[in-house]
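# Coordinate analysis (summary)
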Amino acid sequence: MTRIMVFGTFDMIHEGHEDFFRQARALAREPHLIVSVARDKNVERIKGVKPRLYEEERLAAVAAHPSVDEAVLGDEEGYLPHIIAARPDIVALGYDQRGIYVDLLPESLQSAGVTAKVVRLKAHKPDTFKTSKLLG
């Protein structure tokens, strides 16, 4: 079993997320997909707007998805503790995930003793299937 971890807000689960999950699962023969759902306050800080749904609602929707083996809430401060706790073999980032934590992720994981490989997944029709476009 290969533990693969992905991250997102998941204010709604759409075809872009379906492809995101498919791509992540395709990284291993026996995948165990762990999905980290962003905390409300972090979504607001990063995106500048509050999520449409509360974190508990988004977590429940992700946990119920048939492609997801495990759903967890992200950390309220920082990002490493919940990644370390999940023990991923692979960390798969979305095509649009950017920022200082993404830039520093490989070094931060290595410093924390996490040997996970960091990969970037491809976009799936980003002009159509992006939550901000779908919600208008």
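Quick look at the structure, then. (Residues numbered from 1 in each chain as written. Predicted model: local features only at pLDDT ≥ 70, side-chain atom pairs only at ≥ 80, totals over all residues. Heavy atoms only, no water.)

## Some thoughts on the pairing of strand 5 (residues 117–120)
Basically, it comes down to this: Should DSSP find at least two bridges between two strands, the strands are taken to pair. Numbering goes from the N terminus for both helices and strands, where a helix is a DSSP run of H or I of at least four residues and a strand is a run of E of at least two. The definition of a right-handed crossover adopted here requires that, viewed with the strands pointing away, the path from the first strand over the helix to the second runs clockwise.
Relative to strand 5, strand 4 (residues 90–93) runs parallel, the two sharing four bridges. Each bridged residue has a counterpart across the sheet, and for Leu93 the counterpart in strand 5 is Arg120. Handedness of the crossover joining strand 4 and strand 5 through helix 5 (residues 100–111): right-handed.

## Considerations on the pattern of salt bridges
Side chains bearing opposite charge may pair, as long as their charged atoms lie close to each other. Just so we agree on the cut-off: What makes a salt bridge here is a side-chain nitrogen of Lys or Arg within 4 Å of a carboxyl oxygen of Asp or Glu, nothing more. Relative accessibility decides the category of a residue: with a 1.4 Å probe and only protein chains considered, values under 20% of the type maximum give buried, values over 50% give exposed, and everything between is partly exposed.
Applying the stated criterion to the full structure yields seven salt bridges. As a salt-bridge pair, Arg3 and Glu70 come within 3.6 Å of each other at their nearest N and O atoms. Residue Arg3 is found in strand 1 (residues 2–8), and its partner Glu70 is found in strand 3 (residues 70–73); the two are separated by 67 residues along the sequence. With relative accessibility at 26%, the residue Glu70 sits in the partly exposed group. Across the salt bridge formed by Arg39 and Glu55, the nearest N and O atoms sit 3.0 Å from each other. Of this pair, Arg39 sits in the loop between strand 2 (31–37) and helix 2 (40–47) while Glu55 sits in helix 3 (residues 55–63); the two residues are 16 residues apart in sequence, bridging distant segments of the chain.

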